[in-house]
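Geometric and topological summary
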Number of protein chains: 2
Amino acid sequence: MYQESHTRKKQEPGLATQTTAERAATPTATGPTRVVIIGGGFGGVDAAKAFKGHDVQVTLIDKRNYNLFVPLLYQVASSQLSAEHIAEPLRHLFCHQKNVTIIFDEAVDIDEENKQVVLAANAPVSYDYLIIAAGARDSYFGNDQWAEYAWGLKSLEDAHRIQQRMLLNYELAEVTDDPEERKRLLTYVLVGGGPTGVEMAGAIAELSRFTLKKEYHNIDTGDTRIVLLEGLDRIFPAFDPKLSAAAQDALEKLGVEVRTKAMVTSVDATGVEINKEERIEAGLIIWAAGIQGASINQGVADVAELDRGKRIMVTPELNIPGHPEIFVVGDTAHIPGPEGRPLPGVAQVAQQGGRAAARNILLGIKGEAYQPFVYKDYGSMATIGRNRAVADVGGMKLTGYPAWAVWAFIHILRLVNFRNKVYVFWKWMWDYVGYNRSGRIITDYKHDAED
Amino acid sequence: MYQESHTRKKQEPGLATQTTAERAATPTATGPTRVVIIGGGFGGVDAAKAFKGHDVQVTLIDKRNYNLFVPLLYQVASSQLSAEHIAEPLRHLFCHQKNVTIIFDEAVDIDEENKQVVLAANAPVSYDYLIIAAGARDSYFGNDQWAEYAWGLKSLEDAHRIQQRMLLNYELAEVTDDPEERKRLLTYVLVGGGPTGVEMAGAIAELSRFTLKKEYHNIDTGDTRIVLLEGLDRIFPAFDPKLSAAAQDALEKLGVEVRTKAMVTSVDATGVEINKEERIEAGLIIWAAGIQGASINQGVADVAELDRGKRIMVTPELNIPGHPEIFVVGDTAHIPGPEGRPLPGVAQVAQQGGRAAARNILLGIKGEAYQPFVYKDYGSMATIGRNRAVADVGGMKLTGYPAWAVWAFIHILRLVNFRNKVYVFWKWMWDYVGYNRSGRIITDYKHDAED
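Description of the structure in this document.

Analysis parameters
- Residues numbered from 1 in each chain as written.
- Chains lettered and ligands numbered in written order.
- Predicted model: local features only at pLDDT ≥ 70, side-chain atom pairs only at ≥ 80, totals over all residues.
- Least-squares fit on C-alpha atoms with pLDDT ≥ 70 in both.
- Contact = placed C-beta atoms within 7 Å.
- Helix = DSSP H or I, 4+ residues; strand = E, 2+ residues; numbered from the N terminus.
- Expected span 1.5 Å × (residues − 1).
- Buried ≥ 20, exposed ≤ 12 C-beta atoms within 10 Å, placed from the backbone.
- Pairing = 2+ DSSP bridges.
- Axes fitted to C-alpha atoms, helices over the stretch in contact; angles between N-to-C directions.
- Nonpolar A, V, L, I, M, F, W, Y, C, P; charged D, E, K, R; others polar.
- Left-handed = near helix turned anticlockwise from the far one by under 90°.

Another point: the relation of the copies chain A and chain B. Of the transformation placing chain A onto chain B, the axial shift is 0.0 Å and the rotation is 180°, giving an RMSD of 0.0 Å. Read as a symmetry element, the transformation amounts to a two-fold axis. Closest approach to the rotation axis within chain A is made by the C-alpha atom of Ser-82 of chain A, at a distance of 3.8 Å. When you check the interface residues of chain A against chain B, 100% turn up at the interface there too, and the contact is symmetric in its surfaces.

So, in structure tokens, the structure goes:
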């Protein structure tokens, strides 16, 4: 299917009525093929890198000016790392790859007919091939009004907001005379027992039990109540049950309440309701329960099928059926995987998918057939606190310190930039020795009697 | 004078009619003396530390929750260091000093009669002794409307705003079709030839000439025009003229336009006017031309004299004349110095003053006479770019690399926290080798067609 229409496109370049904009979009006889990539995350960056040295003009569009190492975002939210440690300017990443142009703008629509990406602030950008790698956003499963109170953790802004709220809660708890309010301020609820919820719960536990322990006179930060809610019957449902049990044990040793079969049925400014029968008053609610495809996916909804998570259904070759010139990779794509389930929304799938899409585009330019994407699963892992983790690597199921060592080693290797690698390594070692944290600073806060 | 009134206070504790609040402020027979410090900067922190081990209850009030290493603030504004590198949580600084209580709130007034500090959000705090160490803010010399366009560099929020503006200007210049607008976006005007203006000009020059040089396709960031304006006839007017000349030479080698005898006569959203005859269109205007005492100084304006810079006039013993229980230290104090001029607003004066005020309070508690503050000047220095500086240390006037080495060594020694010392040292070494920068990330930016 993709091959047929791909061939037709090549044979009938003047199929539609040409406007000036469209003529601009038609490749010139001598100019390089124009590849536009929406999104500078794992998928988009690896796709762009794969064109290095090829006669292709790549335009990388991102509303942010940096690539973000999302797996460590929870460490920024828990005051363990600074934003700069996990964010690398895209221009810096590509300063030596001359065929990549970076546009700092937001893609708001896709005009498949004229082969253009419509931007928020700048003129549309024409493509011969398009890669949509725009990532995912939080899904509240139809309860979007919860977003105001149950905060996601997908961006640096999210991490900053959560970090500031935690620090403020301790300051406000320190001075309040109301014991109920103090208890509420020191109760943190995390919704979702996947890696984000588990890793964040562990990080908050260590922050409150160790790092902040001696810094307040009127409160014991160790009293912080941390509740992790999972709707299914175990946390880490995607992992082996043994690892789920090990993770739960590690969390409970850190004083985290792990609640399974706990569905959130209501969220408001001061707490959550569970299974329509129990209420927890909370000073911070973190939402890590579900994601959906990026909003730009609506821009191709007229030519593509979206799944119920608003992800774009793609062929095994990663293009939109009937549109061999539009590829979709990473969290925003629904990629058929083993046993009919889509591949998981993890960095490895995005990176490998980005490279596969680039390979297929290079094949297409040569007039050759696309190849199906084969995902190579290197394993899953998550860390709980400063020296525990669970890992499923190459069939080996590791827990405790060995898993942590593997986790730390692999994450350091994967960090995109050498300087950051050294930094993060140093920070981790320092934290490991001293339970110390940087970055516990509150900015832009207005004191007033209402608080 | 201070001794007389100090004696009178001790002899006549019931002089004024006592209210409930005032009775609460009277020290109990058994309780420790209550010292309240407004401001957790250099002066306030060193004063609080000086009470370690003494039978004194110290309350440190700051509207921010961290101590800031202000001399390196320009490196945050120029994307060289992260905020966390130069900010240390106050609670962490004092976690082992049990007689210090920290209140995260803003002091809004001082009730000298009832000996209370009035706070924005919490109940008033009573004192036996008060140290005002609230620092300085920008002064626009009666043109407060310039503050909207000519941004000061006194806080992390200021540094963040400047850093974001610079990064955005490069992004907007990269995509604009208007050559005049591009030129304006890439013109930075710094008002004031003191250390802040000079160090910031040098840092912007290196950022634009080296760090960003290869990252943009449509603009040459090396074309960035950097104009440093000084109203007097040389930059660094407080330094030896030889050092002024060396600093100017170093700046000009980095491509900074140094303009002396250049008074700013008007500021608006797109530029500045100089000497009522010349206009410079600018994409960023940084104000480093003058400071004034903190706004809390108005709280003692009924009992103290303020100079025209709104700083509080103090005795040689650092207290307010007639009020031996109120000390003022640091940038917010007008401390008589040699030749009748006030001591300069530098960290050394604040730190030594804070310690001297604490010593005098301990003398007062014992009923002994205060001792005059003797400022020991260890010298002045400023850095220009990555390996040039000027320094006047112990009478030695150094320039170039030797001055830079001394500057770097002393600043590393002075940084408040060991971890930060290692960090900043590492960052500097890394920058020195690679002209690299971290933290060039733009956050919370909304793309729209208006920009």
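Next comes the rest of the description.
Before going further, it helps to spend a moment on helix H7 (residues 156-175) of chain A. Owing to its 3.6 residues per turn, the α-helix aligns residues three or four sequence positions apart on the same side. Counted at 1.5 Å a residue, the expected span for H7 of chain A with its 20 residues is 28 Å, and the 29 Å between its end C-alpha atoms agrees. Residues of H7 of chain A that are buried include every one of Leu-156, Ala-159, Ile-162, Gln-163, Met-166, Leu-167, Asn-169, Tyr-170, Glu-171, Ala-173 and Glu-174 of chain A, and no others.

Residues and elements named next belong to chain A. Ordered by their spatial adjacency, five strands build an open sheet running E11-E18-E12-E13-E14, and the pairing between neighbours is parallel. Only two strands of the sheet have a single partner each, and these edge strands are strand E11 (150-151) and strand E14 (256-259). Looking at chain direction, strand E13 (residues 225-229) and E14 are connected through four bridges and run parallel. Looking at E14, one finds that Val-227 is bridged to Glu-257. The sheet contacts of helix H9 (residues 195-211) involve strand E12 (187-191), E13, E14 and strand E18 (284-287), and relative to E13 the element is tilted by about 170°.

Taken together, the contacts link 42 residues of chain A with 42 residues of chain B. Contributing elements (two or more residues each) for the side of chain A that touches chain B: helix H5 (83-86), strand E4 (87-89), helix H6 (90-93), strand E5 (100-104), H7 and helix H13 (418-434) of chain A. Residues belonging to the side of chain A that touches chain B are distributed by class as follows: 16 nonpolar, eleven polar and 15 charged.

All names here are of chain A. The interhelical angle for the contact between helix H3 (residues 42-50) and helix H11 (residues 347-365), taken along N-to-C directions, is 35°, at an axis separation of 7 Å. Crossing geometry of H3 relative to H11 is assigned as right-handed. For the pair H3 and H11, the contacting residues are Phe-42, Gly-43, Gly-44, Asp-46, Ala-47 and Ala-50 in the first and Ala-347, Ala-350, Gln-351, Gly-353, Gly-354, Arg-355, Ala-357, Ala-358 and Arg-359 in the second. Across the contact of H3 with H11, the residue classes break down as seven nonpolar, five polar and three charged.

Further remarks concern the environment of His-334 of chain B. Residue and element names in this part refer to chain B. As for its position among the elements, His-334 is in strand E23 (residues 333-334). Assessed through the 21 C-beta atoms surrounding it within 10 Å, His-334 is described here as buried. The spacing of His-334 and Val-36 is 298 residues in sequence and 20 Å in space, taken between C-alpha atoms. Sequence-distant contacts of His-334, that is, excluding residues within four places in its chain, are made with Asp-307, Arg-311, Ile-312, Met-313, Val-314 and Pro-342.

Purely spatial values, then, with no claim about function.
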